[in-house]
Amino acid sequence: MGHELKSWFQLDARKLIWLICAFMVIITFQYLELSSENVLSAVVPSGKISVEGQSSFLASAPSSTESDGTIRYVTHSIGLEYNGTYAGSETVHGNEVFEERDMDLNDDVISETNVDLNKSSTFEDGSESPKESLTKELVDLIKNSTVYDAESSKNKTTAEVEGGLSLELSKENNMATLDSLNQTSAVNEATNGFGTYEVNDKDQNSDSILDDDNNSGRKPSSEEFEDYPESYNNKTVTKEAPTTIADMNNLFYWSRVSYHSTTPRWASAADKVLLNVRSQIEKAPILEIDQQLYAPLYRNVSMFKRSYELMESTLKVYIYKEGKKPVFHKPVLKGIYASEGWFMKQLQANRNFVTKKPREAQLFYLPFSSRMLEETLYVPDSHSIQNLVEYLKNYVDTIAAKYPYWNRTQGADHFMVACHDWATSETKEYMANCIRALCNSDIREGYIFGKDVSLPETTIRNPQRPLRDLGGEPPSKRSILAFFAGGMHGYLRPILLQQWGNKDPDMKIFGTMHNGKGKLNYAQHMKRSKYCICPRGYEVNSPRVVEAIFYECVPVIISDNFVPPFFEVLNWDSLAVFVLEKDIANLKKILLSIPDERYRQMQLSVKKAQQHFLWHPRPVKYDIFHMILHSVWYNRVLQMKKPR
């Protein structure tokens, strides 16, 4: 009996050991699977998105299936990749499962990619979460994407641009780390089908009818302070991979689900108002037809219309009275930096939006002029803006000591409107949390999607008649293919002139124009051109973008890393061509490859967009004043998040 009992215990001990081993193996596999999911979710956005054709937004979709059982995720135009294994027809992605559909990958063409929504994430009231709303918006905007091969002059749909720009996205600050510095001559084209090539300038051309007269004494650009005394024109241009318009679309949509401003130190009634507004915008009824809004021009016309209506009925802005003239409270209404002055003047006179009770305000305006800051405080030939930075810091310290509002949000509900080149550098340290509406909207100088606003640069020569000479010829009477004239500011324009100046009758590319009897002047050239070239100057921005729209000419923006105006609202692929700086030699080939029907669609969009870029003596609905204010309001609203 004792021997049998001993054998029984030995047998059970073996079973127990095997059971423990099996349990440990299971635990190990679960741990490894969880780690794999975390790595994958950190690389690829968690929204379950599928698109027909190639997405130009930051929603990764399976693009190729390898023979070794590896699935490759590619984000259009950025080249963001993840290689992970999959079993059967499903791939674990975060806490979601992506089901694959059959894909035809012949000739690098994706015939179908599944798009779906994450149904599990909803608000307590049953409404859609911001992610679901965003995903629907993405699906509405996504179209087949094309890549232009500058060497072969062929358009082809592709899953990935060879040598594409690789980005590492950070949820903390929504900035992109550019990993790949090599781009081929292939150019990512926009969601509507053509040119992704960007350039823009800080333009001081006296030949432009809208340009400033005070250009001869222009100070160095903000970049010059970094390595002065080496002049900007003689600087070695670093060959970093540019951020294309498709990349910007990705970054913008990523910011919608990832960027949130500083959490307020204490709650306020304004926060509740903005949270309610956000919910209403996300539930905006579908807009069928609107007499004033042309749907293809917008990212989401329904959301824009609802947001604009809520701004008109809800928004209250407090303007600080502190600050001495001429830097504060003295708008400049003439010249190349007139946007900031016109906005200041019209907001100060507005009775609908401005409140004298700061406790009821959702936004706080810092009423300084970056133009007057430079004119008043910059020491000639000092090559330093440190005293300008300190002046603004002292101002912030003053209002922070006198009022509680800056300290409540660390400035996140404060905003400024500044058009001078240096404003980006002057405000990036002590006003970093503010919503910055900047003409110099350069990604490489710290522009943040979801927070900052790209301010249109509008040069005004006659403040009494800002709309003088508006409009241009219809498409059938525009006999000039492309036009540019201006001073040789920066490194890019001399290249443009060398490549195309006086070499092709279809390409009217000039330096400084000297108007003579019987010759077309600057404005007349724009009015008769199909495409108006907008190359960068010292900085990425240029008044030529707005000039082109003013004269109903399709802008061709050649300025890497420039964020176009009102980017959070407008679908810039519908009204402009973006050309990479390195592709200037292929400029005519690119423009001729655009079908006439496509050109006419863009020209129509330009005419429909015109109302958003016009200054009126008294603001009118949807004009540039309201659009600037709306972009600030819109970004602030979408920064808000529900308390947990």
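Sequence order as written defines the numbering, with residues in each chain counted from 1. Since the coordinates come from a predicted model, pLDDT governs what is reported: local features require at least 70, and pairs of side-chain atoms require 80 or more to be given and counted, while whole-chain, interface and lining totals use all residues. Hydrogens and water molecules were not included; the side-chain quantities draw on all heavy atoms of the structure.

> What exactly am I supposed to notice about the overall build of the protein here?
Regarding its fold elements, the protein presents 17 helices and 20 strands. Relative accessible area decides the class of each residue, using a 1.4 Å probe on protein chains only: under 20% of the type maximum gives buried, over 50% gives exposed, and in between gives partly exposed. In the protein, which comprises 644 residues, the share counted as buried stands at 57%. Contacts are assigned to residue pairs with any non-hydrogen atoms lying within 4.5 Å of each other. The long-range share in the protein, meaning contacts at least 24 apart out of those at least 6 apart in sequence, stands at 72%. Using the Shrake-Rupley algorithm and a 1.4 Å probe, accessible areas are obtained, with residue cover drawn only from the displayed protein chains. Only carbon and sulfur atoms are counted for the fraction: they give 51% of the accessible area of the protein, which is about 28,100 Å². Helix and strand definitions follow DSSP, with helices as H or I runs of at least four residues and strands as E runs of at least two, each counted in order from the N terminus.

> Sorry, what's going on with the pairing of strand β18 (residues 529-535) here?
Look at any regular strand and the pattern is simple: side chains alternate between the two faces of the sheet. Counting buried positions over the seven residues of β18 gives six, a clear majority of the element. Pairs of strands are assigned from DSSP output, requiring at least two bridges between the strands. Looking at chain direction, strand β16 (residues 480-484) and β18 are connected through three bridges and run parallel. Following the sheet pairing, F483 is matched in β18 by C532. Direction of pairing for β18 relative to strand β19 (residues 554-558): parallel, over a ladder of five bridges. The partner of C532 across the bridge, within β19, is P555. Handedness of a crossover is defined as follows: with both strands directed away from the viewer, a clockwise route from the first strand across the helix to the second makes it right-handed. One crossover worth recording links β18 to the parallel β19 by way of helix α14 (residues 544-550), and it is right-handed.

> I keep staring at the pairing of strand β13 (residues 414-418) and nothing clicks. Help me out?
Counting buried residues in β13 gives five out of five residues, a clear majority hidden from the surface. On β13, burial covers both faces: H414, M416 and A418 on one face and F415 and V417 on the other are all buried. The pairing of strand β12 (residues 363-365) with β13 spans two bridges and is parallel. Bridging across to β13, Y365 finds its partner in F415. The pairing of β13 with strand β14 (residues 435-438) spans four bridges and is parallel.

> What am I meant to see in helix α12 (residues 492-500) here?
In an α-helix, one turn spans 3.6 residues; hence positions three or four apart end up facing the same way. Residues of α12 that are buried: L492, R493, L496 and W500. On an axial view of α12, the arc spanned by its buried residues comes to 95°, and they lie on one face. Contact partners of the buried residues in α12: β16, β17 (507-509), β18, α14, β19 and α15 (587-592). Of the residues one or two after α12, N502 is the one with positive phi, at around 55°. Regarding the arc, it is the one traced by the directions from the helix axis to the C-beta atoms.

> It is not clear to me how the sheet that holds β12 should be interpreted in this structure. Could you clarify?
In a beta sheet, neighbouring strands pair by backbone hydrogen bonds and run either parallel or antiparallel. Taken together, the five strands give an open sheet; going across it, the order is β11-β12-β13-β14-β15, and neighbouring strands pair in parallel fashion. Across the chains shown, the open sheet's two edge strands, defined by having one partner strand only, are β11 (317-319) and β15 (453-454). Of the pairings in the sheet, the one linking β11 to β12 comprises three bridges and is parallel in character. Paired with Y318 across the strands is F364, a residue of β12. The convention used is that axes are lines fitted to C-alpha atoms, helices contributing only their stretch in contact, and that angles between N-to-C directions extend from 0 to 180 degrees. Against the sheet, helix α7 (residues 338-348) engages β11, β12 and β13, with an angle of about 135° to β13.

> Help me understand the state of the cysteines in this model?
A covalent bond bridging the sulfur atoms of two cysteines is what the word disulfide describes. Pairs of cysteine sulfur atoms within 2.5 Å are what we label disulfides. In this structure the tally under the stated criterion is two disulfides. Between the sulfur atoms of C419 and its disulfide mate C439 the distance is 2.1 Å. Around the S-S axis, the bridge from C419 to C439 shows a dihedral of about -90° and counts as left-handed. Highlighted residues: C419 in the loop between β13 and α11 (423-427) and C439 in the loop between β14 and β15, separated in sequence by 20 residues. Shown here is the disulfide that connects C532 with C553, its sulfur atoms set 2.2 Å apart.

> Just checking my understanding: could you explain the sheet that holds β18 for this structure?
The five strands lie next to each other as β17-β16-β18-β19-β20, forming an open sheet whose pairing is parallel. Edge positions in the sheet fall to β17 and β20 (577-578), since each has one partner strand and no second. Where β19 and β20 come together, two bridges link them in parallel fashion. Bridging across to β20, V556 finds its partner in V577. Its contacts with the sheet place helix α16 (residues 596-609) against β18, β19 and β20, and it is angled at close to 95° to β19.

> So what exactly am I meant to see when it comes to the nonpolar core here?
Side chains that are nonpolar tend, in soluble globular proteins, to be buried together. Counting 97 residues, the largest nonpolar core has F343, F415, Y531, W572, L587 and W633 as the members making the most contacts within it. At 10 residues, helix α17 (residues 624-639) tops the list of elements feeding residues into this core. For each domain, the first and last residues come from an automatic or database assignment. When residues of this core are assigned to domains, at least three map to each of domain 1 (245-461 + 630-639) and domain 2 (475-613). For F343, the residues in contact, after removing those within four places along its chain, are Y365, F415, V417, W615, F625, I628 and L629. Remark: nonpolar core denotes a set of buried residues (Ala, Val, Leu, Ile, Met, Phe, Trp, Tyr, Cys) joined through side-chain atoms within 4.5 Å. Y320, V327, I385 and V389 belong to the second largest nonpolar core, which has 25 residues in total.

> I would appreciate a short explanation of α7 in the present structure.
With nine of its 11 residues buried, α7 lies for the most part within the structure. Within α7, burial applies to A338, S339, E340, G341, W342, F343, M344, Q346 and L347. On its buried face, α7 is in contact with β11, β12, α8 (370-377), β13 and α17.

> In this structure, what is going on with the pattern of salt bridges? I would like to understand it.
Put simply, a salt bridge is a Lys or Arg side-chain nitrogen that is within 4 Å of an Asp or Glu carboxyl oxygen. Considering all chains together, one arrives at 18 salt bridges under this definition. A salt bridge links D271 to R408, with the nearest nitrogen and oxygen atoms 2.8 Å apart. Separated by 137 residues along the polypeptide, D271 in helix α5 (residues 269-282) and R408 in helix α10 (residues 405-409) bring together distant segments of the chain. Since its relative accessible area comes to 6%, R408 is described here as buried. Notably, a salt bridge pairs K393 with D397, separated by 2.9 Å at the nearest N-O pair. A residue pair is termed a helical-turn pair when its members lie 3 or 4 positions apart in one helix, as K393 and D397 do in helix α9 (residues 386-402) at four residues. Overall, the relative accessible area of 23% leaves K393 in the partly exposed class. When salt bridges that share partners are traced, they join D290, K305, R306 and E309 into one network.

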